[in-house]
Amino acid sequence: MSGIKVMSVFGTRPEAIKMAPLVKELRRREDLESLCCVTAQHREMLDSVLDIFQIIPDYDLNIMEPGQTLSTITTKCLLGLEKVFQSAKPDLVLVHGDTSTAFSAALAAFYSKIPVGHVEAGLRTHDRYSPFPEEMNRTLVGDLAELHFSPTVANKENLCREGIEKGIYLTGNTVIDAMATTVRTDFRFSTEGLNHIDYENQKVIVVTCHRRENYGQPMEDIMSALAYIAKTYPGVELVYPVHLSPVVQEVARRHLEGIGNIHLIPPVDVEEMHNLMARCYMVMTDSGGLQEEAPALGKPVLVMRKETERPEAVAAGTVKLAGVEYDRIVALAEEVIMDREVYDTMAHAVNPYGDGKACERIADAIEYRFGLREQLPEEFVPG
Ligand code: UD1
Ligand code: UDP
C-alpha cells in the first residue's frame, strides 16, 4: 500500500450518496489508501446509504442532535475532525458539495494544513442567502480547496470567474455513477406499499421538500399547493417521503395528512428512491440531487425554489423553476398534469450532469496530483 492517504469526509444523505461510488473507486486504486470519516450530521438517513453501498466508516463523529443549529454542527465537526486528522494524518481530505459538514471539514483540514479536494465544485446561484447556508458554504470551500472537481462546464466557469486558476477538473457528477448501480427494471420495493401503486394508470408525483430557506411561509405555501393538487386531481397520487427534520415533519403532516391520494412515508433508501423516480410521472422538489437524477430518468421536474444552481436541465427543458408561491406552483403542476404536449416536451432523458465516469476521473486527478500518474484525466463532455 502506498503512503498516499485519501480521507473522504461526509455527513448527510446526499453527500453519502454522491461520495459512496468515489469511496469505492478509491478503494480499487492500489496506489491510494482510502479512509472514510462520517460526521453523522444525519444519522438514520446517512446509515441507510452506508448500508446500501456497504461502507463501514473508519471514523464516526456521531454529532447529530434534534433541532441542531448551524453553529452546533460546525463546532462539533471542527473539534471532532481536528482529532481525527491528528490521528489518521491524511495526505488529502475530500469533501462534497455545500453542507455544514463539507464546510467544516474543509476548514478543519486547512487548519491542519492538509490539502482539500472539493467534489461537486463550482455550483452557484450568486445569492448568498439562497440556498442558505449552502451558497456560502460552497463558496468558502472553493477558497479552501486545492483540487476542484466540477460536474459541468458552467460550474468550472463559475470558479474561473472567482479567480481560481489551478486544480479544476471537469468530471461530471458522481450521482450519475451511483445511479448505474441502483436503477433496475425488476426492482421490488422493500417499502411494501410502493409495490401496490398503479404507476401505469395513475399520475404518480414524487415529492420532497426540506430546504432551510423554505422554512416558514414558503413551506406553508408549497404544502398548501400540494394539498390543492391532490384534492383537485383524483388521477394523481403524491408519494412524499418526508425528511426527518422536525420542522418539515410538522408542516407536512399538518397540511397533507389524511388526504387519500397522498402517501406520506418515512424517507426511503436510495435504491427505492431512484426506482420510484424511474416509475413516476413527474417530480416536485426543492432538493438539489433530485434535479440531477430525475432528468437522467426522463422525468419532468418542478423545482419549488426561487433559484437553482443547476441551470443545465432547465436549459434542456426537463426542469422548470416553479418558485415558492402557491399560484405559480399550482399553475405549473396543472400544466404538466393536464397538457400532454407540455408533458412530452419535458419528459425526455437528458444527461447534462454526467456519464457515469466521474469517480474514475476524480481518482485519476488525485493520482496525477500526487505524481502517481503522468496524464491528466480526460474531461467530461455531455452527450
Ligand atoms: C442538511 C444540509 C442541506 C442538505 C440536507 C440534505 C446543511 C446546513 N444543510 O439539511 O444542505 O440539502 O441536509 O437532506 O448542512 N434528522 C434526523 N435524522 C436524520 C437526518 C436529520 O432526525 O437522519 C433531523 C434532526 O432533527 C436534525 C434535522 O433533521 O436536527 C435537520 O438536519 P440538518 O442536517 O441540520 O439539516 P437539513 O435540513 O437536513
Ligand atoms: N433520497 C433518498 N430517499 C428519500 C429522499 C431522497 O434516498 O426519501 C435521495 C435522493 O434520491 C437524492 C438525495 O437523497 O439522491 C437528495 O437528498 P436531499 O434531497 O436530502 O438533499 P439535497 O440533494 O437537496 O442536498
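Just so it is clear, the model here is predicted, and its values are computed rather than measured. (Residues numbered from 1 in each chain as written. Chains lettered and ligands numbered in written order. Predicted model: local features only at pLDDT ≥ 70, side-chain atom pairs only at ≥ 80, totals over all residues. Heavy atoms only, no water.)

Draft legend 1. Region of interest: helix α4 (residues 100–111). With twelve residues, α4 should cover 16 Å at 1.5 Å per step; its first-to-last C-alpha distance of 16 Å lies within 8% of that length. Counting buried residues in α4 gives ten out of twelve residues, a clear majority hidden from the surface. Its buried side turned inward, α4 meets β1 (5–10), α1 (13–28), α3 (70–88), β4 (92–96), β5 (116–119) and α5 (134–144). Of the residues flanking the end of α4, it is Lys113, one or two places downstream, whose phi is positive at about 55 degrees. (Helix = DSSP H or I, 4+ residues; strand = E, 2+ residues; numbered from the N terminus. Expected span 1.5 Å × (residues − 1). Buried < 20%, exposed > 50% of the residue type's maximum accessible area, 1.4 Å probe, protein only. Contact = heavy atoms within 4.5 Å.)

Draft legend 2. Region of the structure containing the packing of aromatic side chains. Taken as a whole and assessed by the stated rule, the structure comprises seven aromatic pairs. Residues Tyr281 and Tyr343 carry aromatic rings whose centres are separated by 4.1 Å and whose planes lie at 15 degrees to one another, so their mutual orientation is stacked. With Tyr281 in the loop between α10 (270–279) and β11 (282–285) and Tyr343 in helix α14 (residues 340–346), the pair connects residues that are 62 residues apart, well separated along the chain. Neither Tyr281 nor Tyr343 differs from the other in exposure class; each is buried. Among the aromatic residues, those joined into a cluster by ring pairs are Phe187, Phe189 and Tyr199. Directly above the aromatic system of Phe370 lies the positively charged group of Arg369, at a separation of 4.5 Å from the ring centroid. (Phe/Tyr/Trp six-rings, centres within 6.5 Å; stacked < 30°, edge-to-face > 60°. Lys NZ or Arg CZ within 6 Å of the ring centre and 35° of its normal.)

Draft legend 3. Region of the structure containing the site of ligand 1. Around ligand 1 sit 26 residues in total, of which Gln41, His42, Ser100, Glu134 and Arg212 are the nearest. In isolation ligand 1 has 760 Å² of accessible area, and contact with the protein removes 95% of it. Residue assignment for the shell around ligand 1 shows that the elements contributing at least two residues are α2 (44–53) and α3. When the residues that make up the shell around ligand 1 are grouped by side-chain class, the tally is ten nonpolar, ten polar and six charged. (Near = heavy atom within 4 Å. Areas by Shrake-Rupley, 256 points an atom, 1.4 Å probe, with all protein chains shown as cover. Nonpolar A, V, L, I, M, F, W, Y, C, P; charged D, E, K, R; others polar.)

Draft legend 4. The arrangement of the sheet that holds β11 in detail. The parallel open sheet is built from six strands, whose spatial order is β10-β9-β8-β11-β12-β13. The sheet is open, and its two borders are formed by β10 (262–265) and β13 (319–321), each paired with just one other strand. For this sheet the average axis-to-axis angle between neighbouring strands, irrespective of direction, equals 20 degrees. The sheet contact formed by strand β9 (residues 236–241) and β10 spans four bridges and is parallel. Paired with Tyr240 across the strands is Leu264, a residue of β10. Packing against the sheet, helix α8 (residues 217–232) makes contact with β8 (203–208), β9, β10 and β11, and its axis sits at approximately 135 degrees to β10. (Pairing = 2+ DSSP bridges. Axes fitted to C-alpha atoms, helices over the stretch in contact; angles between N-to-C directions.)

Draft legend 5. Inspection of the pattern of salt bridges at higher detail. For the coordinates displayed, the defined rule picks out 31 salt bridges. For Arg28, the salt bridge is made with Glu25, and the minimal N-O distance between the two is 3.0 Å. Of the two residues, Arg28 and Glu25 both sit in helix α1, three residues apart, roughly one turn of that helix. Take Arg28: its relative accessible area is 57%, and that puts it in the exposed class. (Salt bridge = Lys/Arg side-chain N within 4 Å of Asp/Glu carboxyl O.)

Draft legend 6. Structural view of the site of ligand 2. Every one of the 18 residues lining ligand 2 counts as a neighbour, but Arg13, Val268, Gly288, Gly289 and Glu293 are closest to it. Within the side chain of Glu293, a nitrogen or oxygen atom sits 2.4 Å from an oxygen atom of ligand 2. For ligand 2, whose unbound accessible area comes to 530 Å², protein coverage reaches 95%. Only α1, α10 and α11 (289–296) provide two or more residues apiece to the shell around ligand 2. Sorting elements by how many residues they give to the shell around ligand 2 places α10 first, with four residues. Of the residues in the shell around ligand 2, the class split is nine nonpolar, five polar and four charged. (Polar contact = N/O pair within 3.5 Å; in protein donor to acceptor, adjacent residues only side chain to side chain.)

Draft legend 7. Quick look at the side chain of Arg361. Within the secondary structure, Arg361 is located in helix α15 (residues 358–369). Residue class for Arg361 comes out buried when judged on its relative accessible area of 9%. Within the local environment of Arg361, its side chain forms a polar contact with the side chain of Asp355, the two groups lying 2.8 Å apart. Apart from residues no more than four positions distant in its own chain, Arg361 is found in contact with Leu170, Thr171, Asp355, Pro377, Glu378, Glu379 and Phe380.

Draft legend 8. Main features of the side chain of Arg310. Inspection of the secondary structure assignment puts Arg310 in the loop between β12 (301–303) and α12 (312–315). Engagement of the side chain of Arg310 in a polar contact is seen with the side chain of Glu292, the distance being 2.5 Å. With residues up to four places along the chain from it excluded, the contact list for Arg310 reads Lys18, Glu120, Leu123, Gly288, Gln291, Glu292 and Tyr353.

So far we have only geometry, and geometry alone does not tell us how the molecule works.
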